[in-house]
Amino acid sequence: LAKTTQPISMDSYEGQEVNITCSHNNIATNDYITWYQQFPSQGPRFIIQGYKTKVTNEVASLFIPADRKSSTLSLPRVSLSDTAVYYCLVGGDSWGKFQFGAGTQVVVTP
Amino acid sequence: DSGVTQTPKHLITATGQRVTLRCSPRSGDLSVYWYQQSLDQGLQFLIQYYNGEERAKGNILERFSAQQFPDLHSELNLSSLELGDSALYFCASSARVAGAVTQYFGPGTRLLVL
């Protein structure tokens, strides 16, 4: 399993862009990168997933450099409701256990 | 709403007891995963089932067991409960989307062992 490293916490103000970088140096060729968001006492929610380059959806963008040893989740113009823990997960091509890291606590203030 | 349902939402029991948590996956998903999340802890993978068969095992205690039934719902059985088993238990089901597996999580069952 590819081990992931993320910052423990990040603070931001409303309206700013938040970028969370995840390191995954031993990512395998077939691994995808997936990000989840979790609010207290709720199940993680899928945000975005990618394999290489850039992926964008209605809530976030995911940037993956050519070597794929890291990835950056970008949350544009955050609001108070974006305060949550964000998890980076590497794997997913093959069936098997998924290892979540410690996640990044993002706190958005007015 | 992810489409994954879990019952009960809350469970309070005493040490030494046994409980069963239930999970219904999203329609069409064959894989079910169980996770444990203790207070202020990350998600710990417990076990995965695929179409009724155990597929992968994580740090699941011997006191815990699970199964997936022919209708694809799954149950997690926790026995000889200890105070430290108090946690949120999440179930997830997965689908393969464009080559990658994506997990969809249920709302969780909060277990309190007194």
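The residue numbering used here restarts from 1 in each chain and proceeds along that chain's sequence as written. By the order in which they are written, chains take letters starting at A while ligands take numbers starting at 1. Restriction of local features to residues with pLDDT of at least 70 applies here, the model being predicted, together with a cutoff of 80 or more for giving and counting side-chain atom pairs; totals for whole chains, interfaces and linings are based on all residues. In computing side-chain values, all of the structure's heavy atoms are included and hydrogens and water are not.

Turning to the overall build of chain A, a few remarks are in order. Put simply, DSSP H or I for four residues or longer makes a helix, DSSP E for two residues or longer makes a strand, and each gets a number counted from the N terminus. Across its full length, chain A holds zero helices and nine strands. Starting at the N terminus and ending at the C terminus, chain A contains elements arranged as β-β-β-β-β-β-β-β-β. Here the C-alpha atoms of chain A give a radius of gyration of 13 Å, agreeing with the 13 Å that 2.2 N^0.38 yields for 110 residues. Taken along its principal axes, the extent of the C-alpha atoms in chain A is 40 × 30 × 20 Å. Within chain A, buried positions represent 47% of all 110 residues. Note on contacts: a residue pair qualifies if any of its non-hydrogen atoms lie within 4.5 Å across the two residues. A separation threshold of at least 6 residues defines the contact pool for chain A, and within that pool the share at least 24 residues apart is 55%. Here chain A contributes 8 positive and 8 negative side-chain charges, whose respective centroids are spaced 8 Å apart. With the radius of gyration taken over C-alpha atoms, the globule rule is written as 2.2 Å times the number of residues to the power 0.38. Burial status follows relative accessibility: with a 1.4 Å probe on protein chains alone, a residue under 20% of its type maximum counts as buried, one over 50% as exposed, and anything between as partly exposed. In summary, the charge assignment counts Lys and Arg as positive and Asp and Glu as negative, without counting His or the chain termini. All charge positions are set by atom: Lys at NZ, Arg at CZ, Asp at CG, Glu at CD.

What follows covers the packing of aromatic side chains. Pairing of aromatic side chains requires ring centres within 6.5 Å, counting the rings of Phe and Tyr and the six-membered ring of Trp. Pairs whose planes differ by under 30 degrees are stacked, by over 60 edge-to-face, and all others tilted. Applying the stated criterion across every chain yields a total of seven aromatic pairs over all chains. On the basis of an interplanar angle of 55 degrees and a centroid distance of 5.2 Å, the ring pair of Tyr32 of chain A and Tyr51 of chain A is categorised as tilted. Taken together, the residues span a long stretch of sequence, with Tyr32 of chain A in strand β3 (residues 32-38) and Tyr51 of chain A in the loop between β4 (45-50) and β5 (53-56) at a distance of 19 residues. Residues Tyr35 of chain B and Phe105 of chain B carry aromatic rings whose centres are separated by 5.3 Å and whose planes lie at 45 degrees to one another, so their mutual orientation is tilted. Within this pair, whereas Tyr35 of chain B is found in strand β4 (residues 31-37), its partner Phe105 of chain B is found in strand β10 (residues 100-105), the two being separated by 70 residues in sequence. Of the two residues, Tyr35 of chain B and Phe105 of chain B, neither departs from the other in class, the shared state being buried. Among the aromatic residues, those joined into a ring-pair cluster are Tyr36 and Phe46 of chain A together with Tyr35, Phe45, Tyr104 and Phe105 of chain B. In this scheme, Lys NZ or Arg CZ marks a charge over a ring once it lies within 6 Å of the ring centre and within 35 degrees of the ring normal. Above the face of the Tyr51 of chain A ring, Arg68 of chain A is positioned so that its terminal group lies 4.0 Å from the ring centre. A cation sits over an aromatic face here: Arg26 of chain B above Tyr104 of chain B, 3.8 Å from the ring centre.

Okay, the sheet that holds strand β2 (residues 18-23) of chain A next. Residues and elements named next belong to chain A. When DSSP finds two or more bridges between two strands, those strands count as paired. A sheet is described by the order of its strands in space; here four strands give the open sequence β2-β7-β6-β5, paired in antiparallel fashion. Taken across any chain shown, the strands that pair with only one partner, and hence form the sheet edges, are β2 and β5. Each strand of the sheet is rotated relative to its neighbour by a mean of 15 degrees, with strand direction disregarded. Axis lines are fitted to C-alpha atoms, over the contacting stretch for helices. Their N-to-C directions set the angle, which ranges from 0 to 180 degrees.

This part is about the state of the cysteines. Residues and elements named next belong to chain A. Here, a disulfide means two cysteine sulfur atoms that sit within 2.5 Å of each other. What the rule picks out here adds up to two disulfides over all chains. Here Cys22 pairs with Cys88 through a disulfide, and the sulfurs are 2.2 Å apart. Between Cys22 and Cys88, the disulfide has an S-S torsion of -80 degrees and is therefore left-handed. One end of the pair, Cys22, is in strand β2; the other, Cys88, is in strand β8 (residues 84-91), and 66 residues separate them in sequence.

Counted as a void, the second largest pocket has a volume near 270 Å³. Cavity and pocket criteria rest on a 1 Å grid covering protein atoms alone: a 1.4 Å probe that fits but cannot get out defines a cavity, protein on both sides within 12 Å along at least 5 of 7 lines defines an open pocket, and an atom within 4 Å of a point defines a lining residue. What lines the second largest pocket is a set of 16 residues, among which Gly43, Pro44 and Arg45 of chain A together with Ser2 and Phe105 of chain B lie closest to the centre. Among the elements that take part in the lining of the second largest pocket, β10 of chain B stands out by supplying three residues, more than any other. Gly is put with the polar residues, along with every residue not named as nonpolar or charged; the nonpolar set is Ala, Val, Leu, Ile, Met, Phe, Trp, Tyr, Cys and Pro, and the charged set is Asp, Glu, Lys and Arg. Among the residues forming the lining of the second largest pocket, the class breakdown is seven nonpolar, seven polar and two charged. Grid points are joined across faces, edges and corners, and a volume is the space filled by probe spheres set on the points.

Attention now goes to the sheet that holds β3 of chain A. All names here are of chain A. An order of β1-β9-β8-β3-β4 is seen for the five strands of this open sheet, with the pairing classed as mixed. The open sheet has two free edges, formed respectively by β1 (9-13) and β4, since each of these has just one partner strand. Between one strand and the next, the sheet's axes are offset by a mean angle of 25 degrees, whatever the strand orientation.

Time to look at unusual backbone geometry. Residue Pro8 of chain B is reached from Thr7 of chain B by a cis peptide bond, and omega for that bond is -10 degrees. Among the structural elements, Pro8 of chain B can be located in the loop between β1 (5-7) and β2 (10-13). We note that Thr53 of chain A has phi near 55 degrees; this positive angle belongs to a residue other than glycine. Position of Thr53 of chain A relative to the elements: it lies in strand β5. The class for Thr53 of chain A is exposed, based on a relative accessible area of 52%. Phi at Arg68 of chain A is positive, roughly 60 degrees, even though this residue is not glycine. In this fold, Arg68 of chain A is placed in the loop between β6 (61-64) and β7 (70-75).

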